[in-house]
Amino acid sequence: MTSPTLSVKRISFQKYGIIIAFLALCALVSAICQIKVMQGVWPVNVFLTVNNLMLILHQISVNGILAVGMTFVVISAGIDLSVGSVLAFSGMMAASFATRSTGVTPWSGVYFVAFPLLAALFTGALCGLVNGLIVSRFRIQPFIATLGMLLAARGLTMAVTGGNPISALSPEFRWFGTGRIFDTLPVPVVFLAIVFALAWVLLNKTVFGRYVYAVGGNEKSARTSGVNTTSVLTWTYIFAGFLSGVAGIILTAKTGSAQTSAGTSYELDAIAAVVIGGASLAGGVGRLTGTFFGALIIGVMNNGLDILGVESFYQSIIKGALIVLAVIIDSRRQA
Amino acid sequence: MRLKLIGASLTLASSLMLSAAVAQADPVRVAFLMYGNKAEFVQLMERYAKEHPAVVSGDVILTMYDGRYDASVQNDQGQMAVNTMQDAIVINPMDYEANIDVVTMANDAGIPIVVTNARLNTTEMTSEVVSDDVQGGYLEAKAVMEKLGCKGNVVIIEGPKGGSGEIQRGEGNMKAIGECPEGQVTVLERKTANWSRAEALDLMQNWLSKHPGQINGVIGQNDEMALGAIEAIKSANLDVHDFAIAGVDGVTDALRAVKAGEMTSILQDARGQAQGSIDVALRAVKGADYQPESEIWAQYAGELSWDDGQAKRYDIPWTIVSNDNVDELLKDRK
Amino acid sequence: MDTPRLSMRSIQKRFGGVKALTDGNLTLRSGEVHALCGGNGAGKSTILSILMGFYKPDSGVIEIDGEAKSFNSAHEALEAGIAIVQQELSGVPQLTVAENIYLGSEPRRRGFIDFDTLNRNAEELLNRLGFDIDPRATLGDLAVATQQLVEIAKALSHSNANILIFDEPTSALGEKDTQRLFEVIRELAANGKAIAYVTHRLQEVFTIANAYTVFKDGETVIEGKVEGLTREMLIESMIGGSLGTEFVKDNVPAPATLFEVKNLTRAPYFRDVSFQLHGNEILGIYGLVGSGRSELLDTLYGLEIADSGDVQIEGRPLTPGDVDGAIRSGIAYVTEDRARSGLVLKASVGANLALSNLRFINSFGMVQERKERECVDLAIRQMHIRTPGPEEIVSNLSGGNQQKVVLGRCMAVGPKVLLLDEPTRGVDVGAKKDIYRLISEFTVGGGAALMISSDLEEIIGMCDRILVLRSGEIVEEFKHEATTQKDLMMAAI
C-alpha cells in the first residue's frame, strides 16, 4: 500500500517527466551552440531557429507515425517488429502506381495520387491483419509473428520489382513528401499532426482505446469483463500496419524513390520512441504524448549531434544509453 | 512492372531450354557470388551477367548466390560452390578481409576465382576485374571542384565508416581537393549516411540548417547519398542548380538527375565488371583458345586491353556521365 | 516419546490486513502419521509453508527435537531435515528418474555430472524404499502413481530428512496406488520418521493417521489421537466453535424462474447439471476444489462452451461461448481469482469499474465520458470502495476494496443474474459484510445470485437453497432453513 499523496505525485511525474527530459535535452544542445556563438565560431545559435525546429518535426515524421502504431501494440502487451519492412513494402506498392514510367493515363490525378495511396494503405493494413490474426487467433507470441512478417514483407518488397528500386515518381505523389501547406508547413509534418490527433482520440476517447489498455493490462480479466480480446488485438495490429503504410507513403515521397532496403531497422527507432515515452513492454501502460516526446527526443538528438558535428558512432552510443536510462527510470518509478 | 517480371522469367525459361537443347559438349558452370541483392547496382550486375553472350548461348550455366550482406554467409556459399563442382567462381565480396577464405577454398580445389567490383586483401586470386575506387572518388570530387572553380565550401557524405569504399573514395576525394590552391576550398563537414538516401536527406538538412547559405558543393561517395542531398536542398526551398553535386555509381535516378542538370555522376560500369569477370573466368577454364565474347573489350579498346585474359588486374574505366552520353545510358536501363 | 520431533506453538502470521494464522499449533512425533484437517483457508497451508521456510512467522516458537529453530529460507528448513512431497507433480518429465531425484544436488566429477554415481545412488535409494523403479527411465513415460513415488524418493534423498510432509498425495492416484502409497508411508513411520499428512478426504484420516490436528479460521482447534475418534466428531470440530459472522440477508425468493440450466455437460468437469434460479433468490453451490464448480460458472457465462445442454435467462436461450451476449442478456460474473481474471491491476479504479459498461455508454464507439464518470462515481459510493479517487491504480487498494471494484464493474451493467465465485475470499471482515449487504440489496431489488463458496457458514448464512456439487454432478439440494454445516460437508465429501 502506498499512501495516496505519493501516488498522485507519481501520476504527475508520469505526465510531465518526459517533457522535462525533452526540454533539458533542448537546453543542453542549445547551450553548447550558444557557447560556440560566444566563442565567435558561429554567427547565430543555429539550433534554436524556427526553421531548425520545423526541420526536426519534418525529420521525425516517419518515425513518429510508426511509433504511434507501435504505442498501440505495446500497450496491448505486444510488439511489432515488422513496421520497417511493411513500410518498405507499402512504399514499393505506392511507387509502382506513382511512377511516370508506368505510362500515361487519362486521369493522372486519380492514377498518381489515389491509386498509390490506396495501394500503400491497403498493403499496410493487410500485413497488419495477417500479424493480428496470427497473434490473436493462433496465439503466437507477437515477437515471433511479427519477426516472420519482418522477413516476409522485405522479401515481398524485393519480389515486386525483382529487387530494383522504383523511381521517377510523379510530382503529384511526391507532394506528400516534399510539399508545403501555405508555403510553410511541410506536408509530412501535417500528416504527423493529423495521425497523432486521430490516434489520441482513438486511444483516449473511444471504447476501442480503453479495450487496448485492458487487454494489455490483463487479457484474461478483459475477457471476463466482456471484451472481445481477439478482435481488439487484431485491430491493433491492423492499425499499426495501416500507419506503416502511411509512413511508407511519406518516406517514398520524401526520398523520391521506393527502395528495397527502405525502413531497415526503423522498428527499433519506433520501439525506442515508445519506450522513452514511458510505455511498458509488459503492456497496459503508455501514452501518446509520451511517444510524441520520445520521438522528438530522438529527433533532437540526431539533429543536435549532426549540428555539433559528433561522429555517428557516438550518436549510436548515446541513443542506446538513453533507451536503457528511460527504462531504468520507469522501473524505479514503478517500484 | 508485372510485364517485366514475366518477361524476365520467359527469358530465363527460354535460356534454360536453349541450354538444354543446344548444350554443346560440356557447358561451363560458373558460380557468381554477390554480397547482396538489395541495391540497384548489384541488380544491374546480375542482369548484365545473365546477358553475357556465353550465358545466353548456353555455353555457360550461371548460378547466382545472394550473400545477404553477411561475409560468413558468403564464405559458406563459396564452400557450396566448391562442393557442387563449379568450374569457376566469380565473387563480389562483402568484406575486404573475411572473404579471403573463398579465394583460399577455390585455390585448394583448383578452381579459377575472379574477384569483381570490390577488393580483397590478397593477391592469390586468378584475377581482379574492378574499378579503381580512388579514381572514382577523384573524378567525382574533380567534377565538383571544376564547377566551383576551386573556390568555396563543400561537405562530404561518406559511406559506412571503415569500409573499403569509404576509405578509397575518400582518398580520391581529398586528392582532387588537394589539387586546388591551398585555402580556397574548405571541407565544412564529413559524416557517414551509410550509402542511404533517406539518411543522407536528414544529414544534409541538418547541415543546411547549421550552415545557412554557406555550402557550395556536395560530394556524395555514392549516388544515393548525393540524391538524398538533392532532396534536402529542394526541401529547404533552395535551388539545386546553385550547388555543385556529384556522386559515384551511375544508378538510374542519378542519370535522370544528370539529365536535369542537378548533379554529376561517375558511372561505375556494372556491365564491364560482370561480363569482364565472366570472360576472364572462362579463359581460365577453357585455355588460351578462348576469345572474350563480351562487347566491353571493344567498347573500351585503348583503355582496357584483354592481354590474353592473363592479367592479374583489370581496371574497368569510369565514365563521367554528362549531357552527351546520358540519353544513351538511360536507354540501356529500360 | 517425551520430546516431540517437531513442536510449533502459538504461530501467528498475517498477510497485509488478513490474518492467515492467529494461533497455530502442531506437534509431530517420530513414528507417527499426523493428519492435518480443516477447510480452505483454515490455516493448514500457512503453517506448513512456515515450517518449510517459505514464510517467516510474525511470532511463535518452532522447536525440532527440543531445540528452537528459525528458518530464513526453504534451504535452511531442508537442512534441518524437513522435506515435502509435493501435491502437484512437479518433476521434470524430460529427465530420468535418477536425474529428477537428485535435481540440484547432482554428484559431480570435474564439473560434469557423474552419471554413474548418480544412477547408483538412485538405485540404492529406490531399493531401500522398496520401489521397483528403473532410475534410468524417463519420468514422463511413467504412470502418474509411479511419478508420485519418485517425488517421495526425492524428498527422502536428503539423508537426514526426518520430518516428511505429504500434501494431498493421493489426489491424483487411483485406489490401488493409494494402498501402495499408504504401505510406504507406514514403513517410513515405522522407521522413525515423523509424518505430516494433509488431506481433504476424511476417510484417509482413519486409514493412515495415528494423530490429528484440526485447523479453523487460523487456529488450532483440537489435536489428539485418532484412536476413538469418529467421523462425526471430526467434522464437528472442523465446523463448530467459530465466532459467528453477521450476515445480511433481506431477500425473499419469488416463485418465478429467472434463470434455468438444463442438462448442461462439459466433460470432464461436470455432467448433466440442471437447476433453476428464481427471482430475488440467492442459490448456493457447495463443492470441494475439483468438483467442477468454477468450470460450471465459466460455462454459464460463455467463457467456455458446453458439450450439451441449455442455459436460459427469462426463457430465452443464451448462445454458447458468447460473453458479450451473456452480458447483454443481464449476466455478470465475479470470478474466483480477481488478480488473474477479475481486474486489470495496473489500470485505475475508474477504468476497471467502467470496463464492462463501455459497451452501453458509447455513441458510435466514442465513450460518453459524462456517463462514464457518473457510473464510476456511483459505483464507488454504492460499493463503499475506499480509494483516494477514481484515478488510483487498483493494485494499491486492499484486497477487500479490490473485490468491491470487481463487484462494482459487474453491477455497473445492471445485471439480472449475478454469478459469484468465492466472493469473499481473501477479504477482511469489514469488507465481507459490505459484500453481503450488496448481494442482499441486489436480490431484494429483483436480481438473482448464484454463489459458490467454500465457507460453510457463509453459504448457509446467505443462500436460500444450496446445491452440492460432487465430482461434476449435483448430488443434493438443501433448503436454507433445514441444513447444517455437517450435512453439507457429508454430502460433498
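Residues numbered from 1 in each chain as written. Chains lettered and ligands numbered in written order. Predicted model: local features only at pLDDT ≥ 70, side-chain atom pairs only at ≥ 80, totals over all residues. Heavy atoms only, no water.

### Some points on the overall build of chain B
- Each helix and strand counted, chain B has 13 helices and 12 strands in total.
- For chain B, the C-alpha radius of gyration of 21 Å lies close to 20 Å, the compact-globule estimate for 334 residues.
- Expressed as lengths along the three principal axes of its C-alpha atoms, the size of chain B is roughly 65 × 45 × 40 Å.
- A buried classification covers 56% of the 334 residues belonging to chain B. (Helix = DSSP H or I, 4+ residues; strand = E, 2+ residues; numbered from the N terminus. Rg over C-alpha atoms; globule rule 2.2 N^0.38 Å. Buried < 20%, exposed > 50% of the residue type's maximum accessible area, 1.4 Å probe, protein only.)

### As for the packing of aromatic side chains
- Tallied over the full model, the rule gives 15 aromatic pairs over all chains.
- A centroid spacing of 5.3 Å and a plane angle of 80° characterise the contact between tryptophan 175 of chain A and phenylalanine 176 of chain A, whose relative ring orientation is edge-to-face.
- Consider the rings of phenylalanine 176 of chain A and phenylalanine 191 of chain A, whose centres lie 5.9 Å apart with planes at 80°: the pair is edge-to-face. Of this pair, phenylalanine 176 of chain A sits in helix α6 (residues 171-178) while phenylalanine 191 of chain A is found in helix α7 (residues 187-205), placing the two residues 15 residues apart along the sequence.
- Classification of phenylalanine 176 of chain A as buried rests on a relative accessible area of 8%.
- On the basis of relative accessibility, which here comes to 26%, the residue phenylalanine 191 of chain A falls in the partly exposed class.
- Site record: aromatic cluster; members linked through ring pairs are Phe22, Phe196, Phe292 and Phe293 of chain A.
- The residue whose ring lies beneath lysine 175 of chain B is tyrosine 138 of chain B, and the NZ or CZ to ring-centre distance is 4.6 Å. (Phe/Tyr/Trp six-rings, centres within 6.5 Å; stacked < 30°, edge-to-face > 60°. Lys NZ or Arg CZ within 6 Å of the ring centre and 35° of its normal.)

### Comments concerning the sheet that holds strand β3 (residues 88-92) of chain B
Residues and elements named next belong to chain B.
- Pairing is parallel in the open sheet, where six strands are placed in the order β2-β1-β3-β4-β5-β11. Looking at which strands have only one partner, the edges of the open sheet turn out to be β2 (60-66) and β11 (313-315). With direction set aside, neighbouring strand axes in the sheet form an average angle of 20°.
- Pairing between strand β1 (residues 28-34) and β2: seven bridges, direction parallel. Residue pairing for β2: arginine 29 is matched across the bridge by isoleucine 61.
- Each of β1, β2, β3 and β4 (113-117) touches helix α2 (residues 40-50); the most contacted strand, β1, lies at about 175° to it. (Pairing = 2+ DSSP bridges. Axes fitted to C-alpha atoms, helices over the stretch in contact; angles between N-to-C directions. Contact = heavy atoms within 4.5 Å.)

### Notes on unusual backbone geometry
- Note the cis peptide between alanine 267 of chain C and proline 268 of chain C, where omega equals -5°.
- Tracing the backbone shows proline 268 of chain C in the loop between β13 (257-266) and β14 (270-278).
- In this model, alanine 168 of chain A sits at a positive phi of 50°, which is unusual for a non-glycine residue.
- Mapped onto the secondary structure, alanine 168 of chain A falls in the loop between α5 (142-161) and α6.
- Here alanine 168 of chain A falls in the buried class, since its relative accessible area comes to 14%.
- Phi is positive for glutamate 422 of chain C, which is not a glycine, with a value near 50°.
- Inspection of the secondary structure assignment puts glutamate 422 of chain C in the loop between β21 (417-421) and α15 (429-444).

### Details of α15 of chain C
All names here are of chain C.
- Its 16 residues give α15 an end-to-end C-alpha distance of 23 Å, which sits within 8% of 22 Å, the value for a rise of 1.5 Å per residue.
- Among all positions of α15, only Ala431, Lys432, Asp434, Ile435, Tyr436, Arg437, Leu438, Ile439, Ser440, Phe442 and Thr443 are buried.
- Buried residues in α15 make contact with β15 (282-286), α13 (369-382), α14 (399-412), β21, β22 (448-452) and α16 (456-462).
- Of the residues trailing α15, glycine 446 is marked for its positive phi of about 115°. (Expected span 1.5 Å × (residues − 1).)

### Focus: the interface of chain A and chain C
- Each partner contributes residues to the interface: chain A has 28 residues there, and chain C has 30 residues.
- In total, about 2300 Å² of surface goes out of reach between chain A and chain C, with carbon and sulfur atoms giving 53% of it.
- When the buried surface of chain A facing chain C is broken down by residue, Arg210, Thr224 and Ser225 of chain A rank first, second and third, together holding 25% of it.
- The tally of links from chain A across to chain C stands at three salt bridges.
- Among the ionic pairs, arginine 210 of chain A bridges to glutamate 369 of chain C, the shortest N-O distance being 3.5 Å.
- The interface formed by chain A and chain C contains 17 residue pairs in polar contact (both at pLDDT 80 or more).
- Within the residue set of the side of chain A that touches chain C, elements represented by two or more residues are α1 (4-38), α7, α8 (207-217) and α9 (219-224) of chain A.
- When residues in the side of chain A that touches chain C are grouped by element, the largest group, six residues, is from α8 of chain A. (Buried area = accessible area lost by both parts, 1.4 Å probe. Salt bridge = Lys/Arg side-chain N within 4 Å of Asp/Glu carboxyl O. Polar contact = N/O pair within 3.5 Å; in protein donor to acceptor, adjacent residues only side chain to side chain.)

### As for the domain arrangement of chain C
Residues and elements named next belong to chain C.
- Partitioning chain C into structural domains gives domain 1 (6-239) and domain 2 (257-492).
- Facing eight residues of domain 1, the contacting portion of domain 2 comprises nine residues.
- At the boundary of domain 1 with domain 2, total buried surface from both sides reaches about 880 Å², with 66% on carbon and sulfur atoms.
- Taken together, the connections running from domain 1 to domain 2 amount to zero salt bridges. (Domains from an automatic or database assignment.)

### Quick word on the interface of chain A and chain B
- In this complex, chain A contributes 41 residues to the contact, which on the side of chain B involves 27 residues.
- In terms of surface lost to chain B, no three residues of chain A exceed Gln59, Thr255 and Asp306 of chain A, which account for 18% of the buried area on that side.
- Summed over the shared surface of chain A and chain B, the result is three salt bridges.
- Between glutamate 231 of chain B and arginine 174 of chain A there is a salt bridge, with its nearest N and O atoms 2.5 Å apart.
- Counting every contact that joins chain A to chain B gives 16 residue pairs in polar contact (both at pLDDT 80 or more).
- Within the residue set of the side of chain A that touches chain B, elements represented by two or more residues are α2 (50-75), α5, α6, α10 (229-255), α12 (288-307) and α13 (312-334) of chain A.
- For the side of chain A that touches chain B, the residue count by class is 15 nonpolar, 20 polar and six charged. (Nonpolar A, V, L, I, M, F, W, Y, C, P; charged D, E, K, R; others polar.)

### A look at the state of the cysteines
All names here are of chain A.
- In total, this model carries one disulfide over all chains according to the counting rule given.
- This cysteine, cysteine 33, is not joined by any disulfide, and cysteine 26 carries the nearest cysteine sulfur, 11 Å off.
- The class of cysteine 33 is buried, set by a relative accessible area of 0%. (Disulfide = S-S within 2.5 Å.)

### Observations concerning the side chain of threonine 96 of chain C
- Tracing the sequence through the fold places threonine 96 of chain C in the loop between β6 (82-85) and α3 (97-101).
- Excluding residues within four positions of it along the chain, threonine 96 of chain C makes contact with Pro135, Arg136, Ala137, Thr138 and Leu139 of chain C.

### Comments concerning the sheet that holds strand β6 (residues 152-158) of chain B
Residues and elements named next belong to chain B.
- With mixed pairing, six strands are arranged side by side in an open sheet as β7-β6-β8-β9-β10-β12. Because the sheet does not close on itself, it has two edges, and the strands there are β7 (185-192) and β12 (319-321). Sheet twist, expressed as the average angle between the axes of neighbouring strands with direction ignored, equals 20°.
- Here β6 pairs with strand β8 (residues 217-220) via four bridges, running parallel. By the bridge assignment, valine 154 is partnered in β8 with glycine 217.

### Focus on the pattern of salt bridges
Residues and elements named next belong to chain C.
- Scanning the entire structure with this criterion turns up 50 salt bridges over all chains.
- When the shortest N-O distance is used, the salt bridge between aspartate 58 and lysine 13 registers 4.0 Å. Taken together, the residues span a long stretch of sequence, with aspartate 58 in the loop between α1 (44-51) and β4 (59-64) and lysine 13 in strand β1 (residues 6-15) at a distance of 45 residues.
- By relative accessible area, which is 13% here, lysine 13 ends up buried.
- One salt bridge connects glutamate 477 with arginine 465, and the closest N-O pair in it is separated by 3.0 Å. Separated by 12 residues along the polypeptide, glutamate 477 in strand β24 (residues 473-479) and arginine 465 in strand β23 (residues 465-470) bring together distant segments of the chain.

### Here's the deal with the pairing of β14 of chain C
All names here are of chain C.
- Where β13 lies against β14, six bridges are found, and the strand directions are antiparallel. The partner of glutamate 260 across the bridge, within β14, is glutamine 276.
- Following β13, the chain reverses through three residues before pairing antiparallel with β14.

### Details of the pairing of strand β10 (residues 264-267) of chain B
Residues and elements named next belong to chain B.
- Pairing of strand β9 (residues 244-249) with β10 involves four bridges; the strand directions are parallel. Note on β10: the bridge partner recorded for glycine 247 is serine 265.
- With helix α10 (residues 252-259) bridging β9 and its parallel neighbour β10, the resulting β-α-β unit is right-handed.
- Relative to β12, β10 is paired through three bridges, and the arrangement is antiparallel. Pairing of leucine 267 across the sheet is with threonine 319, part of β12. (Right-handed = clockwise from strand over helix to strand, strands pointing away.)

### Here's the deal with a nonpolar patch on the surface
- Among the surface-exposed residues, Phe138, Ile140, Phe143, Ile144, Leu147 and Leu151 of chain A lie close enough to one another that they form a single nonpolar patch of about 590 Å² accessible area.
- Using a relative accessible area of 46% as the deciding quantity, one classes phenylalanine 143 of chain A as partly exposed. (Patch = residues over 30% accessible without salt bridge, like charges linked within 9 Å, V, L, I, M, F, W, Y side chains within 5 Å. Areas by Shrake-Rupley, 256 points an atom, 1.4 Å probe, with all protein chains shown as cover.)

### Here's the deal with helix α8 (residues 197-210) of chain B
Residue and element names in this part refer to chain B.
- Between the first and last C-alpha of α8 there are 20 Å, a value that for 14 residues agrees with the 20 Å anticipated at 1.5 Å per step.
- Of all 14 residues making up α8, 12 are buried, and the element is well covered by its neighbours.
- By the burial criterion, the buried members of α8 are Arg197, Ala198, Ala200, Leu201, Leu203, Met204, Gln205, Asn206, Trp207, Leu208, Ser209 and Lys210.

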